[in-house]
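# Analysis of the macromolecular model
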Amino acid sequence: IPVQPFDYVVFGATGDLTKRKLIPALYHRFKDGQFDENSRIIGVSRSKLSDADFQNAARDAITQFVEKEYQDAAVIERFVNIFSYIINDVSNKAGWGDLKKALRDDPEVVRAFYLAVAPDLFEPIAEQLSKTKVYRRDARVVIEKPLGHDLLSSMEINDGVAKIFEEDQVYRIDHYLGKETVQNLLALRFANTLFEPVWNSAHIDHVQLTVAESVGAGTRGYYDESGALRDMIQNHMLQLLCLVAMEPPASDDANALRDEKLKVLRSLKPITNGDVAKMTVRGQYKGVSSETTSVASYQDELPEEKKGSRTETFVALKAEIENWRWSGVPFYLRTGKRMASRVSEIAIQFKPIPHSIFDHAEGAPKANKLIIRLQPDEGVKLMMMIKDPGPGGMRLREVPLNLSFAQTFSERTPEAYERLLLDVIRGSQTLFMRRDELEAAWKWVDPIREAWERSSEPPQSYVAGTWGPSGSHALIERDGRTWHEDE
Ligand code: BG6
């Protein structure tokens, strides 16, 4: 369904996010007819570019970051025609007047500001928008991580934005929520009757969430300040945990859903002091070199002044949710760079059958497992026991009931940003984080990081291209369980 016409103002128009994510995402939506030449994309930044330069940059972004088969020369030309550019420094008065002139004073035209800039600029930009009357009560502002490095700094950022914008105008992106397979979690749980009755501690033994990446991190400028706990756990992984663990919301209304997620975050058992060593593991990759491969260590990738850094590139932890539904069901989370492969997946391990009648069969019944593959090879797999066909008595075998998205659907899977950018225009906050959620997540994560900082132990090292340090395996094996891929 096409959206209302809009003026999308992108601050940080020359940055990486704009080029890699925003422009390609908007292009796809334009190409699919979700908006047309009645909408405008207005780039704002300090660089002295013209409209034509910015249009060229948009063309380049499409050539570089949109798959060849979707690059349509005529559509690209129509698309870049809606791009214009304004030179503006936050402190530069002239730029704001130009911006005001570029915007249409029509209440039917949605006004959105995407702040693809460092968070310390959010407040000054918001203030200028207000002072120069570019702000409108129905305008929307989009911001994204890093929204702080701890609870306090995140509150400061949110306070800064809140001086001008009301919470119903603020769209905090966690791009994981825009992923098709993440939204599918809602469909799986709440559009089927099958799972919900068994979705609790009576039937589920434990849950595993894995977001593994094969790429490294040491050359990414921001990463060393952040580390895996802030970069992945505080946001993406806790959001996934919430979607798996939350109670059914009464509707798909943004606040109904966010209320339920918040309750989960607030039910997380704090991991403090003495528990941190027992419940968490942090790691940092070391390099490998053999005849066939050579991968640098995190330390080797870092610039000189950062050598010796104790930033974690891997985290595994055991989270517990203290509520009726999940009491006694651990959620094991792990994420890391330079792991054995790129895979994001949720494994729901059910409890074993209460009584087996197969004492004389070959192969013991294994407990069911539901594996939700978020990326790549998106799909849902239910591991079940069946009788191996053929004569020779009862032989039990575990086989997957396998739903592969690629085999089931022929459509291209849209990128997260495509959905999120247009949800801003639609005024739908369902897939965006509310302030209290963000703060509850920091509140849980902060004591873990603080304990690490106090500890004299460095992160455990793991060899690049493996599943993380030995401590990660020990963490789960202590409970008599194993990581899903270890079986
Ligand atoms: C970002 C992190 O939020 O998510 C990156 O900052 C990470 O470090 C990325 O690589 C992973 O996103 P995706 O969509 O590739 O799984």
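What you see is a predicted model, and the numbers here were worked out from it, not measured in a lab. (Residues numbered from 1 in each chain as written. Predicted model: local features only at pLDDT ≥ 70, side-chain atom pairs only at ≥ 80, totals over all residues. Heavy atoms only, no water.)

### Regarding the overall build of the protein
Within the protein, the secondary structure is distributed over 15 helices and 18 strands. Viewed in the frame of its principal axes, the protein has a C-alpha envelope of about 80 × 50 × 50 Å. When burial is assessed residue by residue, the protein has 52% of its 487 residues classed as buried. Expressed as a percentage of contacts within the protein between residues at least 6 apart in sequence, the contacts between residues at least 24 apart total 78%. For the protein, the computed accessible surface area is about 22100 Å², with 51% contributed by carbon and sulfur atoms. (Helix = DSSP H or I, 4+ residues; strand = E, 2+ residues; numbered from the N terminus. Buried < 20%, exposed > 50% of the residue type's maximum accessible area, 1.4 Å probe, protein only. Contact = heavy atoms within 4.5 Å. Areas by Shrake-Rupley, 256 points an atom, 1.4 Å probe, with all protein chains shown as cover.)

### Regarding helix α1 (residues 16-31)
The α-helix advances 3.6 residues per turn, and as a result positions three or four apart in sequence lie on the same side. Given a rise of 1.5 Å per residue, 16 residues ought to cover 22 Å, and the 22 Å separating the end C-alpha atoms of α1 matches this to within 8%. At Leu22, α1 is bent by approximately 30°, the largest bend along its length, and proline Pro24 sits one to four residues beyond. Buried within α1 are the following residues: Thr18, Leu22, Ile23, Pro24, Ala25, Leu26, Tyr27, His28, Arg29 and Phe30. Within two residues after α1, Gly33 carries a phi angle of roughly 80°, on the positive side. (Expected span 1.5 Å × (residues − 1). Bend = angle between axes of the 7 residues up to and from the residue.)

### A short note on the site of the ligand
Of all residues adjacent to the ligand, which total 13 residues, the nearest are Tyr176, Lys179, Glu213, Asp231 and His236. Lys145 places a side-chain nitrogen or oxygen 2.7 Å from an oxygen atom of the ligand. Take Glu213: an N or O atom from its side chain is 2.6 Å from an oxygen atom of the ligand. Taking 390 Å² as the accessible area of the ligand by itself, protein coverage stands at 81%. Residue contributions to the shell around the ligand peak at three residues, all from helix α8 (residues 223-245). Here the shell around the ligand is composed, by residue class, of three nonpolar, three polar and seven charged. (Near = heavy atom within 4 Å. Polar contact = N/O pair within 3.5 Å; in protein donor to acceptor, adjacent residues only side chain to side chain. Nonpolar A, V, L, I, M, F, W, Y, C, P; charged D, E, K, R; others polar.)

### Here's the deal with the nonpolar core
Soluble globular proteins: nonpolar side chains tend toward being buried together. Of all hydrophobic cores here, the largest spans 142 residues; its most connected members are Phe79, Leu99 and Phe331. Residue contributions to this core peak at 13 residues, all from α8. In contact with Phe331, other than residues within four places in its own chain, are Val207, Leu241, Val244, Ala245, Leu317, Lys318, Ala319, Ile321 and Trp326. (Core = buried A, V, L, I, M, F, W, Y, C linked by side-chain atoms within 4.5 Å.)

### Some remarks on the UniProt feature "binding site: substrate" (unreviewed entry) in the protein
When the UniProt feature table is mapped onto this chain, "binding site: substrate" (unreviewed entry) is found at His175, Lys179, Glu213, Asp231 and Lys337. Not counting residues up to four positions away in its chain, the partners in contact with His175 are His236, Ala416, Tyr417 and Leu420. With respect to the secondary-structure elements, Glu213 resides in the loop between β7 (204-212) and α8. If we skip the residues at most four places from it in the chain, Glu213 touches Arg220, Met232, Gly336, Lys337, Arg338, Met339, Ser341 and Arg342. In terms of polar contacts, Glu213 uses its side chain to reach the side chain of Lys337, at 2.6 Å. (UniProt positions renumbered as here; feature names shortened; annotations may be inferred.)

### Examining the packing of helix α7 (residues 180-190) against α8
For any two helices packed against each other, the geometry comes down to the angle between their axes and how far apart the axes lie. Relative to each other, α7 and α8 sit at 10°, their axes nearing to 9 Å. By the angle class used here, α7 and α8 are roughly parallel. Residues Val182, Leu185, Leu186 and Arg189 of α7 form the contact with α8, whose participating residues are Leu240, Leu243, Val244 and Ala245. Of the residues belonging to the contact of α7 with α8, the class tally is seven nonpolar, no polar and one charged. (Axes fitted to C-alpha atoms, helices over the stretch in contact; angles between N-to-C directions. Parallel < 35°, antiparallel > 145°, perpendicular 65-115°, else oblique.)

### Topic: the layout of surface pockets
The calculated volume of the second largest pocket comes to roughly 280 Å³. Ala277, Thr280, Val281, Arg282 and Glu457 are the residues nearest the centre of the second largest pocket, which is lined by 15 residues in total. Among the elements of the structure, α10 (273-279), β8 (280-286), α14 (435-454) and α15 (470-477) are those that each provide at least two residues to the lining of the second largest pocket. The dominant element in the lining of the second largest pocket, judged by the number of residues it contributes, is β8, at three residues. Counted by class, the lining of the second largest pocket contains eight nonpolar, four polar and three charged residues. (1 Å grid on protein atoms, 1.4 Å probe; cavity = no way out; pocket = protein on both sides within 12 Å on 5 of 7 lines; lining within 4 Å. Points joined across faces, edges and corners; volume = space filled by probe spheres on them.)

### As for empty space enclosed by the protein
Under the definition given, this model contains one cavity of 30 Å³ or more. Roughly 50 Å³ of internal volume is contained in the largest cavity. What lines the largest cavity is Leu177, Val182, Gln183, Leu186, Leu243, Leu257, Lys261, Thr430 and Leu431. Contributions of two or more residues to the lining of the largest cavity are made by α7 and α9 (254-267). For the lining of the largest cavity, the leading source of residues is α7, giving three residues.

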